[in-house]
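Breakdown of the fold
Take a look at the letters that make up each chain.
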Amino acid sequence: MFKFIRNIGCLSIIVFIIFFVVALFFGGEKIRQAGDKTTGIVKKGFHYAADKADSIHQFILKKIDDFGKPFRDEKRDTNNKKP
C-alpha cells in the first residue's frame, strides 16, 4: 500500500515538472494541442492547464523583459508566442 502511495506521489511530481518546463518554454500551445485530441472533461482540464501555462509563460517573459531593460533600448512584445 505504501509503495502505491509513493509511486503516485513520484508520478505527480514528475508530471508537475514536465508541465512547468513546457509552460516555461512553449506556453500553453503544446498542452492545448494534446487536449484537442481528447474529449469531455479531460479536454476541459487540458484547456484549463493551457490557460495557466500561458499565464506562467507571459509572467516569465515579462520578468525577463524587466531584468533586461537596462541592457537594451527596444521593448519585447510579451503577447508574441515566439521567443
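Not measured: the values here are computed from a predicted model.

1. As for helix α2 (residues 29–36)
- Of the positions making up α2, those classed as buried are I31, R32 and G35. Each buried residue of α2 sits inside an arc of 100 degrees when the element is viewed along its axis, so together they form one side.
- Of the surrounding elements, those touching the buried residues of α2 are α1 (2–26) and α3 (40–68).

2. As for the confidence of the model for the chain
- Scored by pLDDT, the chain has a mean of 85; 82% of the residues are at 70 or more.
- The least confident element of the chain is α2, whose mean pLDDT is 88; the most confident is α1, at 92.

3. Overview of the packing of aromatic side chains
- Under the definition given, this model contains 1 aromatic pair.
- Here the aromatic rings of F16 and F20 are separated by 6.2 Å at their centres, their planes lie at 25 degrees, and the arrangement is stacked. Residue F16 and its partner F20 are both found in helix α1; the two are separated by 4 residues, about one turn of the helix.
- Among the residues examined, F16 registers a relative accessible area of 53% and is labelled exposed.

4. Details of the pattern of salt bridges
- In this structure the tally under the stated criterion is 3 salt bridges.
- With its nearest N and O atoms 3.9 Å apart, the salt bridge here joins R32 to E29. With a gap of 3 residues between them, R32 and E29 both fall in helix α2, about one helical turn apart.
- Under the relative-accessibility criterion, R32 is labelled buried at 18%.
- Taking relative accessible area as the criterion, E29 reaches 38% and is therefore assigned partly exposed.

5. Here we look at the packing of α1 against α3
- For the pair α1 and α3, the least separation of the axes is 8 Å and the interaxial angle reads 55 degrees. Here α3 runs oblique to α1, going by the angle between their axes. Pair α1 / α3 crosses with right-handed handedness. Residue-level inspection shows F19, F20, A23, L24, F25 and F26 of α1 in contact with α3, the latter providing A49, K52, A53, I56, H57 and I60.

6. Considering α3
- The terminal C-alpha atoms of α3 lie 42 Å apart, and with 29 residues this matches the ideal 42 Å at 1.5 Å per residue to within 8%.
- Listed as buried for α3 are A50, A53, D54, H57, L61, D65 and G68.
- As for α3, its buried residues are in contact with α1 and α2.

The rules behind these values
Residues numbered from 1 in each chain as written. Predicted model: local features only at pLDDT ≥ 70, side-chain atom pairs only at ≥ 80, totals over all residues. Heavy atoms only, no water. Buried < 20%, exposed > 50% of the residue type's maximum accessible area, 1.4 Å probe, protein only. Helix = DSSP H or I, 4+ residues; strand = E, 2+ residues; numbered from the N terminus. Arc of directions from axis to C-beta. Contact = heavy atoms within 4.5 Å. pLDDT = per-residue confidence, 0-100. Phe/Tyr/Trp six-rings, centres within 6.5 Å; stacked < 30°, edge-to-face > 60°. Salt bridge = Lys/Arg side-chain N within 4 Å of Asp/Glu carboxyl O. Axes fitted to C-alpha atoms, helices over the stretch in contact; angles between N-to-C directions. Parallel < 35°, antiparallel > 145°, perpendicular 65-115°, else oblique. Left-handed = near helix turned anticlockwise from the far one by under 90°. Expected span 1.5 Å × (residues − 1).

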